[in-house]
Amino acid sequence: MMKSIAVLSCAILALSGQPRAVNAQEYVAGMFSDFGMGIQQVHLAQGKDYSTMVVSWLTTYEAPTIVRYGTKLRKLDMTATSTDVVQYTAFNTTSGYIHHVPLRDLKPSTTYYYLIGETTNQDGSASIRYFTTLPKVGKRIKNFQLAVAADIGQTNDSLLTIDHLLQDPDPAMLLLAGDTSYADCDPQRWDTFFNFMQPFAEQRPMMTLAGNHEIEFDNTTGVATGFQAYINRYRMPEVRPTEINCPFQPTTCYPSVYTSCYDYGNSYYSFDAATVHVIMLNSYTSINESTPQYNWLVKDLASVNRRKTPWVVVMTHSPMYNSNQAHQNEAAIEPLLMRYNVNIVIAGHVHAYERTYPVYQNVVDYKDGITYIVAGAAASRWGHASKYISPIPSWSAVRNGTQFGHGKMTFHNDRRMTWAWYRNLDGEKILRDEVKICNTAKGLPVSCGKINAKRTKLSKFNPGRALAPDLHITEPVEATTATKAVKA
């Protein structure tokens, strides 16, 4: 295991056009602030589609909430302002000023340069960042990619995960399935987390959902702050403004089992990315047929245009399928997802990696089933979840409770996608699991096709196989059921 903290390079450009490398330790310590300007914790959030990007940052003093931006480095000819500046108090600590500015009417597949605030650096230069917008909704992009992680925290192992993400220019964004900062009722850890993530999140959107480690309780005052930090620090593409219809009532920090009445806002939402419709759910808000989250989900799934967005990805924090001893059976909306041909469901919570065969109601179904992923192995400070139930469930294809890493989805076309998982143990990304998934919404069986047989030395990659015997030393590392490859 690499012990040293990796050095990450930050996508900040001086007006000279030269990049400035920033050591990750500066971010972890919360010391970095735009060359003395006091701007820190910069992160992006995608809007409903390519046309909107939200720029968020924190200052320790009142400052202009303004972003200048444009498509040319030396010509930032557009300006966006906002009144969305928030502070909140918890644990006898008041946060800094958290600024959120939406940039609207953006063009698809376009690089924008942006400057936060109105001041320049001490040397007269300005800290200009950049991002590239998503393709137009429905535009066919060969091998369009999205990165995936969960339970990331802010450890040395987390740094390796972020470093691997930075090394890969292809994913358009990072999807985080909850448990982001692991602040765990320490407000300063929210600050260090956003500085920690800034090298990635200032140039590509970081889309997240609520995990149990976003739930907080102030032991000193007995006040349940609930999702307060999560609500104030993120700006996801809301369906409508936040509604909290009952008091937060956790009696401890990060309860593993908890149900609230936190609806809309950052709680659950969806957006479109090229040919992919992404749905983010809240495992800690009620979801049954009488609740707002369930009714919204039904309407959202029914509204998806599978001609424009043929792929549907659902993310939640608590896994629906999981053979680890930790966190069993914490969500149950499977029939609804099956009815609308959801392609893949990704969760976190369990600090391990697991992939299922296509499955429905605990029965492997290579024709119509859904592939479920547990991706909670991004590098939480609570370590690995390495204890599994026995016997191995028939639907469990690959599981790994001993290595951290991240995932990636590649959408090749309307009919085929690939899920891949990489461990973060190495100086470069090492592929550890990969499977081809075909689109049931297009009338195909889930398990079909071949994948990169030359690289993996596997002629049939169906229904998916682990690529190395060290994936989990006590568990099977490859599929035990062979099916005939179907050309797609």
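Because the structure is a prediction, the values reported are computed rather than measured.

This part covers the pattern of salt bridges. Once the charged atoms of two side chains with opposite charge are near each other, the side chains can pair. Inspection of every chain in the model, using the stated rule, returns eight salt bridges. Of the charged contacts, one joins aspartate 84 and arginine 235 as a salt bridge, the two residues approaching to 2.8 Å between their closest N and O atoms. Here arginine 235 lies in the loop between helix H4 (228–233) and strand S18 (243–244) and aspartate 84 lies in the loop between strand S6 (78–81) and strand S7 (85–86), a separation of 151 residues in the sequence. We classify aspartate 84 as partly exposed; its relative accessible area is 24%. Glutamate 202 is the salt-bridge partner of arginine 129, the closest N and O atoms lying 2.7 Å from each other.

Residues with a pLDDT of 70 or more make up 76% of the protein chain, whose mean pLDDT is 80. When the criterion is pLDDT under 50, residues 1–36 qualifies, and its contacts beyond four places in sequence or with other chains add up to 93 contacts. Low pLDDT, under 50, characterises residues 450–488; the stretch is placed with 98 contacts to residues that sit more than four places away or in other chains.

This paragraph deals with the packing of helix H2 (residues 156–167) against helix H3 (residues 187–201). It is at 9 Å that the axes of H2 and H3 come closest, and there the two elements cross at 15 degrees. One way to sum up the angle between H2 and H3 is to call them roughly parallel. Every pair of crossing elements has a handedness; the one defined by H2 and H3 is right-handed. Packed against H2, whose contacting residues are Ser158, Leu159, Ile162, Leu165 and Leu166, the element H3 presents Phe196, Met197, Pro199 and Phe200 at the interface.

This next bit is on the packing of aromatic side chains. Scanning all chains against the criterion turns up 19 aromatic pairs. Residues tyrosine 112 and phenylalanine 131 carry aromatic rings whose centres are separated by 5.8 Å and whose planes lie at 25 degrees to one another, so their mutual orientation is stacked. With a gap of 19 residues between them, tyrosine 112 in strand S11 (residues 111–116) and phenylalanine 131 in strand S12 (residues 128–132) connect regions that are remote in the sequence. Judged by its relative accessible area of 2%, tyrosine 112 falls in the buried class. Measuring from ring centre to ring centre gives 5.4 Å for phenylalanine 193 and phenylalanine 194, while their planes differ by 75 degrees; the resulting arrangement is edge-to-face. Among the aromatic residues, those joined into a cluster by ring pairs are Trp190, Phe193, Phe194, Phe227, Tyr230, Tyr234 and Tyr262.

Rules used throughout
- Residues numbered from 1 in each chain as written.
- Predicted model: local features only at pLDDT ≥ 70, side-chain atom pairs only at ≥ 80, totals over all residues.
- Heavy atoms only, no water.
- Salt bridge = Lys/Arg side-chain N within 4 Å of Asp/Glu carboxyl O.
- Helix = DSSP H or I, 4+ residues; strand = E, 2+ residues; numbered from the N terminus.
- Buried < 20%, exposed > 50% of the residue type's maximum accessible area, 1.4 Å probe, protein only.
- pLDDT = per-residue confidence, 0-100.
- Contact = heavy atoms within 4.5 Å.
- Axes fitted to C-alpha atoms, helices over the stretch in contact; angles between N-to-C directions.
- Parallel < 35°, antiparallel > 145°, perpendicular 65-115°, else oblique.
- Left-handed = near helix turned anticlockwise from the far one by under 90°.
- Phe/Tyr/Trp six-rings, centres within 6.5 Å; stacked < 30°, edge-to-face > 60°.

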